[in-house]
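Next come the chains, spelled out residue by residue.
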Amino acid sequence: ATATAGPRSFSAAEVRALCAQGSCLVSCHRRLYDLSGFVRLHPGGEQLLRRRAGTDVSAALDGPPHRHSENARRWLEQYYVGEIEAGEEQVPPRGRTGTGVGTGYRGTQGCLQALWGASDAGSRVNKSYGCPRCYSRMCRDLVDWQKPLLWQVGYLGEKYDEWVHQPVDRPIRLFHSDFFEFLSKTAWYVVFMVWTPVVLYLSWVSYTSLAQGNTRLFSSFTTEYSIPVHKYYFPFIFLLGMILWSLLEYLIHRFVFHMKPPASNYYLITLHFLLHGQHHKSPFDSSRLVFPPVPASLVIGFFYGVLRLLLPEVLGLSVFVGGLCGYVIYDMMHYYLHYGSPKKGTYLYGLKAYHVKHHFEHQRSGFGISTRFWDYPFRTLIPEETFKKED
């Protein structure tokens, strides 16, 4: 039998030297993690992690101000690089920011129970810690990451829902075909380049058509009481389209993307993973954060047809182009919420933290992306965290 190499040991001096060179190393008691590749993606901002470089974050994981979820702790394990030499680990601060507040993880064994579950926390110490990316072992237990995932996930059955909501930091391949795989990926700027000219052109067509004075509301029912639609109404109709899109965004996200497919239905599980499950499994795969133009064209064409049936041609086009603009803003904002670094205290900073909570802890709420507005009337707002004060 071949002996498995144990985890690498780091002295405190080595950690300080690496941090001085720009690395972002943090520890949870004796376990050491390299977050250098994650700092820009952290919802609390890059500077927050940079300030914690070289320190023990075991107390910060429990908050306040934020108690990190079990998925966040699993996520941390992907960046495990080794152990700090015995006797050189830091003692995490106590008090209001200590481990006594929140969920109460204490010591290395406590961290392991949070990550793996109490039943086999001890066994993971010897079996997994030699692997720099030990969390990938959990992924390989259920799917083969060396093969396209789309045709595998349907076989997960009852395990799919839990598996898909345990995010990982790695790219996903969906198809065997390179052509279909290419069509399933999109850089963020492609959405802007493809649809912005369409929005501008259709806005011009709508405005000039309204300027002719031939558009009337309810004209198909009555000519005597029909209402003329002037060109000056165009900005308001455009805005109505954007508002309707924000509602549609919420409804699609909640009732289509977050449907729970039956465990016995291979095809619905596969469809769910194709539409949205892949994004929850790998939330920072930059090539899968916006809707590819080819399938988007089919969906956009469908909604245009619906508006043409319900409204006069020019009026329907005016509402449609406002909705299309709302979609472009939504896709750009969604990408930014994953990869941007908004300034603390700004609207986008709060929205980024809100969306990350949806991914890591509250998958059954927080369906608003470009706005939290619709989460209020539909009662799906993510609750604010509270912490008990210590005596």
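Residues numbered from 1 in each chain as written. Predicted model: local features only at pLDDT ≥ 70, side-chain atom pairs only at ≥ 80, totals over all residues. Heavy atoms only, no water.

- The name given to the protein chain in an unreviewed UniProt entry is Fatty acid 2-hydroxylase, and the organism recorded there is Sylvia borin.
- Quoted verbatim from the Sequence similarities (unreviewed entry) heading of the UniProt record, the comment on the protein chain is "Belongs to the sterol desaturase family. SCS7 subfamily." (UniProt positions renumbered as here; feature names shortened; annotations may be inferred.)

### Comments concerning the overall build of the protein chain
Phase 1 of the analysis: Secondary structure assignment for the protein chain yields 14 helices and six strands.
Phase 2 of the analysis: Within the protein chain, buried positions represent 46% of all 391 residues.
Phase 3 of the analysis: A separation of at least 24 residues holds for 71% of the contacts in the protein chain among residues at least 6 apart in sequence. (Helix = DSSP H or I, 4+ residues; strand = E, 2+ residues; numbered from the N terminus. Buried < 20%, exposed > 50% of the residue type's maximum accessible area, 1.4 Å probe, protein only. Contact = heavy atoms within 4.5 Å.)

### A look at the sheet that holds strand β3 (residues 31-34)
Phase 1 of the analysis: Across the sheet, four strands lie side by side as β1-β4-β3-β2; this open sheet has mixed pairing. What marks the edges here is a single partner per strand, and that holds for β1 (9-10) and β2 (25-28).
Phase 2 of the analysis: Two elements, β1 and strand β4 (residues 80-84), share two bridges in a ladder whose sense is parallel. Along β4, the bridge assignment pairs S9 with E83. (Pairing = 2+ DSSP bridges.)

### Regarding the UniProt feature "binding site: heme" (unreviewed entry) in the protein chain
Phase 1 of the analysis: Residues annotated by UniProt as "binding site: heme" (unreviewed entry) correspond here to H42 and H68. These residues run over 27 residues, yet every pair of their C-alpha atoms falls within 12.1 Å of each other.
Phase 2 of the analysis: Tracing the chain through its elements places H42 in the loop between β3 and α2 (46-51).
Phase 3 of the analysis: Leave out the neighbours within four places in its chain, and H42 touches L48, L49, H68 and K352.
Phase 4 of the analysis: Along the chain, H68 turns up in the loop between α2 and α3 (70-77).
Phase 5 of the analysis: On the basis of relative accessibility, which here comes to 23%, the residue H68 falls in the partly exposed class.
Phase 6 of the analysis: Not counting the four nearest positions on each side in its chain, H68 is found in contact with H42, A60, L61 and R73.

### With respect to the pairing of β2
Here is the key point about a regular strand: its side chains alternate between the two faces of the sheet.
Phase 1 of the analysis: On β2, burial covers both faces: L25 and S27 on one face and V26 and C28 on the other are all buried.
Phase 2 of the analysis: Pairing of β2 with β3 involves four bridges; the strand directions are antiparallel. Along β3, the bridge assignment pairs C28 with R31.

### Examining the environment of I243
Phase 1 of the analysis: Here I243 shows up in helix α10 (residues 234-257).
Phase 2 of the analysis: Overall, the relative accessible area of 42% leaves I243 in the partly exposed class.
Phase 3 of the analysis: Sequence separation of I243 and G326 is 83 residues, and the distance between their C-alpha atoms is 7.7 Å.

### Overview of the pattern of salt bridges
If the charged atoms of two oppositely charged side chains come close together, the side chains can form a pair.
Phase 1 of the analysis: Scanning all chains against the criterion turns up 12 salt bridges.
Phase 2 of the analysis: Between R288 and E181 there is a salt bridge, with its nearest N and O atoms 2.5 Å apart. Separated by 107 residues along the polypeptide, R288 in the loop between α11 (266-281) and α12 (293-310) and E181 in helix α8 (residues 178-183) bring together distant segments of the chain.
Phase 3 of the analysis: When its relative accessible area of 4% is taken as the criterion, E181 is described as buried. (Salt bridge = Lys/Arg side-chain N within 4 Å of Asp/Glu carboxyl O.)

### Re the side chain of H272
Phase 1 of the analysis: With respect to the helices and strands, the residue H272 is situated in helix α11.
Phase 2 of the analysis: At 2.9 Å, the side chain of H272 forms a polar contact with the backbone oxygen of F257.
Phase 3 of the analysis: Residue contacts for H272: discarding those within four places in its chain leaves Y160, F257, H258, M259, P261 and G277. (Polar contact = N/O pair within 3.5 Å; in protein donor to acceptor, adjacent residues only side chain to side chain.)

### Side note on the nonpolar core
Phase 1 of the analysis: Y33, L35, W195 and Y327 are the most contacted members of the largest nonpolar core, which has 53 residues in total.
Phase 2 of the analysis: When residues of this core are traced back to their parent elements, those giving at least two are β2, α3, α9 (188-211), α10, α12, α13 (313-339) and α14 (347-360).
Phase 3 of the analysis: With 16 residues, the single largest contributor to this core is α13.
Phase 4 of the analysis: Listed in part, the 15 residues of the second largest apolar core include W145, L149, V164 and L174. (Core = buried A, V, L, I, M, F, W, Y, C linked by side-chain atoms within 4.5 Å.)

### Comments concerning unusual backbone geometry
Phase 1 of the analysis: One non-glycine residue, H29, lies in positive phi territory at about 60°.
Phase 2 of the analysis: The residue H29 is located in the loop between β2 and β3 in this model.
Phase 3 of the analysis: Taking the relative accessible area as the measure of exposure, H29 reaches 13% and is therefore buried.

### Here's the deal with the packing of α9 against α13
Phase 1 of the analysis: Running from N to C, α9 and α13 point in directions that differ by 160°, and their axes come no closer than 9 Å. Between α9 and α13, the crossing angle belongs to the class labelled roughly antiparallel. For the crossing formed where α9 meets α13, the hand is left-handed.
Phase 2 of the analysis: Here the residues of the contact of α9 with α13 are counted per class, giving 19 nonpolar, five polar and one charged. (Axes fitted to C-alpha atoms, helices over the stretch in contact; angles between N-to-C directions. Parallel < 35°, antiparallel > 145°, perpendicular 65-115°, else oblique. Left-handed = near helix turned anticlockwise from the far one by under 90°. Nonpolar A, V, L, I, M, F, W, Y, C, P; charged D, E, K, R; others polar.)

### What about the packing of aromatic side chains?
Phase 1 of the analysis: Per the counting criterion, the structure on display carries 28 aromatic pairs.
Phase 2 of the analysis: Judged by centre distance (5.9 Å) and plane angle (85°), the ring pair of W188 and Y189 falls under edge-to-face.
Phase 3 of the analysis: W188 sits in the partly exposed class, given a relative accessible area of 39%.
Phase 4 of the analysis: On the basis of relative accessibility, which here comes to 43%, the residue Y189 falls in the partly exposed class.
Phase 5 of the analysis: Following the ring pairs from residue to residue traces out a cluster consisting of F38, W75, Y79, W188, Y189, F284, Y335, Y339 and F360.
Phase 6 of the analysis: Here R31 stacks its cationic end above the ring of Y80, 3.9 Å away from the centre of that ring. (Phe/Tyr/Trp six-rings, centres within 6.5 Å; stacked < 30°, edge-to-face > 60°. Lys NZ or Arg CZ within 6 Å of the ring centre and 35° of its normal.)

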